[in-house]
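# Overview (structure and organization)
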Amino acid sequence: MPERTGYANGVPSWVDLGTSDVEGAKAFYGAVFGWEAVDVPTDQGVPYTMLYKTGKVVAGMGPIPPDQAAAGMPPMWNSYVNVDSVDDTIAKVESAGGNVMMPAMDVMDSGRMAFIADPTGAAIGLWQAGNHIGAELVNEQGTLTWNELMTDDTSAAGAFYSAVFGWRAEVTEMPTGLNTSFWADGNVEGNAAAGMMAKTEEMGEFPNYWGVYFAVDDVDATLALVKDNGGQVLMQPMDAPEVGRFAVVQDPQGATATVITYAQKQN
């Protein structure tokens with residue numbers, strides 16, 4: 001079911017946007033995905049914005065921290081993997097070849113989090129749920145549907161995530177090249193937890209990163225909304241047999257995401 005009340009260990013459960021213009025991002029995503037934004041006070045003194053779809057929380061956003069902005073951090077979507085224990089998970093990171101970018105910290109009564117980087121430099125968050133489980137609605141119009149690593153070393157990355165999250169890798173041929181699906185034990189939804197693609201020369205130069213996919217009912221109609229509201233289409237729509245139709249978009253602040261219309265409805 002698209003509605004979620006919890007996530008298995010090792011399954012991505014949340015995405016949030018770090019942006020240079022929170023109000024501008026609220027307007028853009030509200031127009032494109034129909035999100036309603038609610039600012040929540042934090043103990044850092046800066047509100048965190050929860051984004052809702054049909055009354056269910058689906059994503060978050062906040063300003064890029066000043067120190068990261070000064071260092072040149074661009075606006076970007078962040079992925080978080082649900083874990084039973086943040087502390088136990090980060091204990092595996094360095095021996096697997098990664099590093100801990102942000103140590104474990106409590107987020108009031110919402111949960112506990114950390115940020116890690118794999119051996120190829122791609123960053124991903126860890127989330128240990130408290131009162132906040134993550135996204136309450138997925139795989140529906142304007143909601144999270146997939147998280148995929150783009151990397152120049154699939155071998156090193158695959159070994160890392162297997163060691164840290166216990167993911168099992170399955171490789172299949174796709175129109176864009178070989179695609180790896182990661183499977184997590186205990187995921188009762190029957191879906192792969194996440195994916196991985198190797199970067200190609202045709203893609204140009206960009207850092208290894210975890211990409212975020214949002215489900216939409218009509219990719220082409222969504223692209224029109226993106227352009228009408230100040231965004232850009234970075235990759236024109238592509239049809240993948242038996243998968244669906246997808247495209248890569250960029251919001252007015254510069255954060256990128258993929259929008260996809262599936263050939264078959266997802267659980």
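Residues numbered from 1 in each chain as written. Predicted model: local features only at pLDDT ≥ 70, side-chain atom pairs only at ≥ 80, totals over all residues. Heavy atoms only, no water.

### Re the overall build of the protein chain
Of the regular secondary structure elements, the protein chain holds five helices and 16 strands. Rg of the C-alpha trace for the protein chain: 17 Å, near the compact-globule value of 18 Å for 267 residues, within the 12% margin. For the protein chain, the share of sequence-separated contacts (at least 6 apart) that also reach a separation of at least 24 residues comes to 61%. Surface summary for the protein chain: the accessible area is close to 12,400 Å², and the carbon and sulfur share equals 51%. The average position of the 11 basic charges and that of the 34 acidic charges among the side chains of the protein chain differ by 5 Å. (Helix = DSSP H or I, 4+ residues; strand = E, 2+ residues; numbered from the N terminus. Rg over C-alpha atoms; globule rule 2.2 N^0.38 Å. Contact = heavy atoms within 4.5 Å. Areas by Shrake-Rupley, 256 points an atom, 1.4 Å probe, with all protein chains shown as cover. Lys, Arg positive; Asp, Glu negative; His and termini not counted. Charge placed at Lys NZ, Arg CZ, Asp CG, Glu CD.)

### Looking at the packing of aromatic side chains
The full count for this structure, using the stated rule, is 19 aromatic pairs. Ring geometry for Tyr161 and Trp167: centres 5.4 Å apart, planes at 25°, overall stacked. Take Trp167: its relative accessible area is 3%, and that puts it in the buried class. Here the basic side chain of Lys199 rests over the ring of Phe206, its NZ or CZ set 4.7 Å away from the ring centre. (Phe/Tyr/Trp six-rings, centres within 6.5 Å; stacked < 30°, edge-to-face > 60°. Buried < 20%, exposed > 50% of the residue type's maximum accessible area, 1.4 Å probe, protein only. Lys NZ or Arg CZ within 6 Å of the ring centre and 35° of its normal.)

### Some thoughts on helix 4 (residues 154-165)
Look at helix 4: 16 Å from first C-alpha to last across 12 residues, which is about the 16 Å you get at 1.5 Å a residue. By the burial criterion, the buried members of helix 4 are Ala157, Gly158, Phe160, Tyr161, Val164 and Phe165. Down the axis of helix 4, the buried set is contained in an arc of 160°. They therefore lie on one face. Exposed and oriented more than 90 degrees from the buried face of helix 4 are Ser155 and Ala159. Where helix 4 terminates, the next one or two residues include Gly166, which has phi positive at roughly 75°. (Expected span 1.5 Å × (residues − 1). Arc of directions from axis to C-beta.)

### Overview of the pairing of strand 14 (residues 232-240)
In regular strands, side chains alternate between the two faces of the sheet. Alignment of strand 14 against strand 15 (residues 244-250), held across six bridges, turns out to be antiparallel. Residue pairing for strand 15: Gln232 is matched across the bridge by Gln250. Where strand 14 folds back on strand 15, the antiparallel hairpin that results is connected by three residues, among which Glu242 adopts a positive phi of roughly 65°. (Pairing = 2+ DSSP bridges.)

### Section: unusual backbone geometry
Positive phi, normally seen in glycine, also occurs at Thr54, with a value near 45°. Mapped onto the secondary structure, Thr54 falls in the loop between strand 3 (48-53) and strand 4 (56-63). Exposure remark for Thr54: the relative accessible area of 69% places this residue in the exposed category. With a phi close to 65°, Glu242 is a non-glycine residue in the positive phi region. Turning to its location among the elements, Glu242 is positioned in the loop between strand 14 and strand 15. The exposure class assigned to Glu242 is exposed, which follows from its relative accessible area of 79%.

### A word on empty space enclosed by the protein
In total, this model carries one cavity of 30 Å³ or more according to the counting rule given. Taken as a whole, the largest cavity holds about 70 Å³ of empty space. Considering the residues around the largest cavity, the lining is formed by 14 residues, among which Phe28, Tyr29, Phe33, Val249 and Ala257 are closest to the centre. For the lining of the largest cavity, the elements supplying multiple residues, two or more each, are helix 1 (22-33), helix 5 (219-228), strand 15 and strand 16 (256-262). The dominant element in the lining of the largest cavity, judged by the number of residues it contributes, is helix 1, at four residues. Looking at side-chain class alone, the lining of the largest cavity contains 10 nonpolar, three polar and one charged residues. (1 Å grid on protein atoms, 1.4 Å probe; cavity = no way out; pocket = protein on both sides within 12 Å on 5 of 7 lines; lining within 4 Å. Points joined across faces, edges and corners; volume = space filled by probe spheres on them. Nonpolar A, V, L, I, M, F, W, Y, C, P; charged D, E, K, R; others polar.)

### Concerning the sheet that holds strand 7 (residues 111-117)
Paired through backbone hydrogen bonds, the strands of a sheet run either parallel or antiparallel to each other. Taken in spatial order, the eight strands of this open sheet run 2-3-4-1-5-8-7-6, and their pairing is mixed. In the strand order of this sheet, the two ends are held by strand 2 (36-40) and strand 6 (99-107), each with one partner. In this sheet, neighbouring strand axes are inclined to one another by 30° on average, regardless of whether the strands run parallel or antiparallel. Looking at chain direction, strand 1 (residues 11-19) and strand 4 are connected through four bridges and run parallel. Residue pairing for strand 4: Gly18 is matched across the bridge by Gly62. Strands strand 1, strand 2, strand 3, strand 4 and strand 5 (76-82) of the sheet are contacted by helix 1, whose axis makes an angle of about 150° with strand 4. Sitting on the sheet, helix 4 touches strand 5, strand 7 and strand 8 (123-129), and the angle it makes with strand 7 is about 155°. (Axes fitted to C-alpha atoms, helices over the stretch in contact; angles between N-to-C directions.)

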